[in-house]
Amino acid sequence: MKYSHLLSSLINGKWFILPRDAFAQEVIINKLLEKQYDPDIYSKTLSETKPFSLQIGASKIEAKASAYDNVPEESTVQINLSGSMLKYGTWCSYGTMEIAAAMLEAGRHPRVGSIVLDIDSGGGAVDSIAPLTDTIASIRKMGKPVVASVDLCASAGYYVACHCNEVVSNNNISSEIGSIGVMMSFMDWTKCYEKDGAVKHTIYSNLSEWKNRPFELALQGKYDEIKSEELDPLARSFQAAVREQRGNKLKEETTGILQGRMFFAETAKEIGLIDHVGSTDFAIQRAREIRSNTMINQYINF
């Protein structure tokens, strides 16, 4: 059977994700793990059946370098980041590696002046973040702004958004921002298997006393070590990234702001998680204004 990045991520991955976003997909996840879907289908990637596309103005185009040759100069490219974030593409979603590659290709083209990243995501796998944040940094170094236009923007989704030049909530009704935190959950099926007569044996080398130690203790209901060894370092790096990217805009004294709390758009703006509340068109306008100001400054300082 073809290797499935989706199954691997579900079973082995670490996640920055809003719990309700994960719970909403529990039925699909269970069917995948129980192999109720045709493996020939879920082992394929979405890009194999539907090439990744993006939008310039009212036109949708395939994400490839030649697609920009005839667009207007200083075009703003809209790229979607929606659903649960995974590093590699699966049968139901594009991977952040694919999205990042499309962003970089657009950013490098001389006829593209700015990018709007349209985010509607409750988060995802920890390893899905770096491809996007690295790409955003590279495009910004070119003098081309990246503006995040967000609806649901939680956990890993916000980790990415805060690295953009600005974050714009695209509505004042459903937009929620935050969930800056880390969680972990797993099911221990040992007692179910024991009822069927199965006995589990886990044996470690005498020289490997620390191997899987936090997880083995967690199975015993002792969570302190898995918190301190695995979850807390991730939480600290997340908090540090938000502090660095949002700077003095961030009202860190707000209860729960860096501890996983969610906020609606107006409050998120007041406490510095986002910069504006406006439509996607407003986000495009801001991207173009930032680009124009950058070009003026470059001309003045030349």
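In this text the structure is predicted, and so the values were computed from the model without any measurement.

Caption draft 1: Fine view of the side chain of Asn171. Along the polypeptide, Asn171 turns up in the loop between strand S8 (166–169) and strand S9 (176–178). Judged by its relative accessible area of 19%, Asn171 falls in the buried class. Setting aside residues up to four positions removed in sequence, Asn171 forms contacts with Asp151, Ala265, Val277 and Gly278.

Caption draft 2: Local environment of the pairing of strand S5 (residues 112–121). The element S5 is extensively covered by neighbouring structure, given that nine of its ten residues are classed as buried. In terms of strand pairing, strand S4 (residues 75–82) meets S5 through eight bridges, oriented parallel. By the bridge assignment, Val77 is partnered in S5 with Ile115.

Caption draft 3: Quick look at the nonpolar core. Membership of the largest hydrophobic core comes to 51 residues, with the highest contact counts inside it found for Tyr68, Val77, Ile79, Met103, Leu117, Tyr158 and Leu273. Of all the secondary-structure elements, those providing two or more residues to this core are strand S2 (53–56), S4, helix H6 (96–108), S5, helix H7 (129–141), strand S7 (146–154), helix H8 (156–161) and helix H11 (224–246). Looking at this core, the element that brings in the most residues is H6, giving six residues. Once residues lying within four places of it in the same chain are set aside, the contact partners of Leu273 are Tyr158, Val167, Ile177, Gly178, Ile180, Arg246, Leu250, Ile257, Phe263 and Ala268. Counting seven residues, the second-largest nonpolar core is a separate cluster that includes Val116, Val168, Ile284 and Ile290.

Caption draft 4: Broad picture of the environment of Asp69. Take Asp69: it is sitting in the loop between strand S3 (59–62) and S4. Given the relative accessible area of 42%, Asp69 is considered partly exposed. Separated by 42 residues in sequence, Asp69 and Arg111 place their C-alpha atoms 7.2 Å apart. Apart from the residues within four sequence positions on either side, Asp69 is in contact with His109 and Arg111.

Caption draft 5: View of a nonpolar patch on the surface. Together, Met184, Phe186 and Phe215 line one region of the surface with nonpolar side chains, adding up to about 240 Å² of accessible area. Mapped onto the elements of the fold, Met184 is located in the loop between S9 and helix H9 (190–195).

Caption draft 6: Main features of the state of the cysteines. This structure, assessed with the given rule, holds zero disulfides. Sulfur of Cys162: no disulfide; nearest cysteine sulfur belongs to Cys164 and is 8.3 Å away. Residue classification places Cys162 among the buried residues on the basis of a relative accessible area of 1%.

Caption draft 7: Geometry of the pairing of S3. Here S2 runs beside S3; their pairing, made up of four bridges, is antiparallel. Note that in S3 the partner of Gln55 across the bridge is Lys60. Counting the residues in the hairpin turn of S2 and S3 gives two residues, including Gly57, whose phi is positive at 60°.

Caption draft 8: The arrangement of H7 in detail. An ideal rise of 1.5 Å per residue puts 18 Å on 13 residues; H7 measures up with 19 Å between its terminal C-alpha atoms. After H7 finishes, the residue Gly143 shows a positive phi value of roughly 85°.

What counts and how
Residues numbered from 1 in each chain as written. Predicted model: local features only at pLDDT ≥ 70, side-chain atom pairs only at ≥ 80, totals over all residues. Heavy atoms only, no water. Helix = DSSP H or I, 4+ residues; strand = E, 2+ residues; numbered from the N terminus. Buried < 20%, exposed > 50% of the residue type's maximum accessible area, 1.4 Å probe, protein only. Contact = heavy atoms within 4.5 Å. Pairing = 2+ DSSP bridges. Core = buried A, V, L, I, M, F, W, Y, C linked by side-chain atoms within 4.5 Å. Patch = residues over 30% accessible without salt bridge, like charges linked within 9 Å, V, L, I, M, F, W, Y side chains within 5 Å. Areas by Shrake-Rupley, 256 points an atom, 1.4 Å probe, with all protein chains shown as cover. Salt bridge = Lys/Arg side-chain N within 4 Å of Asp/Glu carboxyl O. Disulfide = S-S within 2.5 Å. Expected span 1.5 Å × (residues − 1).

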